[in-house]
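Chain residues, written in single-letter form:
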Amino acid sequence: MSYFESYQQTVFFNFPTLSSPGVTDVVDVYTTNYLSTRNYTLVAIVTNIDQSVVVRLDGTLDGTSFGAMISNTITANGTYTYNVSGFPMKQLRANFFYENGGTNAQVKIQIAAN
């Protein structure tokens, strides 16, 4: 017997560049009988890094209490891709969590969910 969710789709989110630690808008990745996701990709494009930045992908089941699903320290400019699977969530947000060694870093974040 196979299991098929006919309403599952892949959605993509592209956020404005963050120039200081902070979070993106919250996005819905679950809608009853329409959208159900459990696999997530976080793309962080970092420029002007001084020493390091920490980027996270936060998820919530209740719309209030967000927890880190992905958390990585980046030490050089570039594009970084991280993936987590098997974590059904209702909402996500990306988080430019911390900057070390200066205040020049720019972080552009994208999320894919399916």
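Each value, and the rule that gives it
Residues numbered from 1 in each chain as written. Predicted model: local features only at pLDDT ≥ 70, side-chain atom pairs only at ≥ 80, totals over all residues. Heavy atoms only, no water. Pairing = 2+ DSSP bridges. Helix = DSSP H or I, 4+ residues; strand = E, 2+ residues; numbered from the N terminus. Axes fitted to C-alpha atoms, helices over the stretch in contact; angles between N-to-C directions. Buried < 20%, exposed > 50% of the residue type's maximum accessible area, 1.4 Å probe, protein only. Contact = heavy atoms within 4.5 Å.

Draft legend 1. Quick look at the pairing of strand 6 (residues 39-47). Bridge count for strand 6 against strand 9 (residues 78-85) is 8 bridges, and the pairing is antiparallel. Paired with Leu42 across the two strands is Tyr82, which belongs to strand 9. In terms of strand pairing, strand 6 meets strand 11 (residues 106-113) through 8 bridges, oriented antiparallel. The residue of strand 11 that forms the bridge with Leu42 is Ile111.

Draft legend 2. A look at the sheet that holds strand 9. Overall, antiparallel pairing links the 4 strands, which are arranged 1-11-6-9 in an open sheet. On the outer flanks of this sheet lie strand 1 (11-14) and strand 9, each paired with one strand and no other. Strand after strand, the sheet turns through a mean of 15° between neighbouring axes, direction not considered. As defined by bridge partners, strand 1 adjoins strand 11 across 4 bridges and the pair is classed as antiparallel. The residue of strand 11 that forms the bridge with Asn14 is Gln110.

Draft legend 3. Inspection of unusual backbone geometry at higher detail. The phi dihedral of Asn48 falls on the positive side, at around 55°, and the residue is not glycine. In this structure, Asn48 sits in the loop between strand 6 and strand 7 (52-60). Take Asn48: its relative accessible area is 46%, and that puts it in the partly exposed class.

Draft legend 4. Structural view of the environment of Ile109. Residue placement: Ile109 occurs in strand 11. For Ile109, a relative accessible area of 1% corresponds to the buried category. Among residues more than four places away in sequence, those in contact with Ile109 are Phe13, Asn14, Phe15, Leu18, Leu42, Val43, Ala94 and Asn95.

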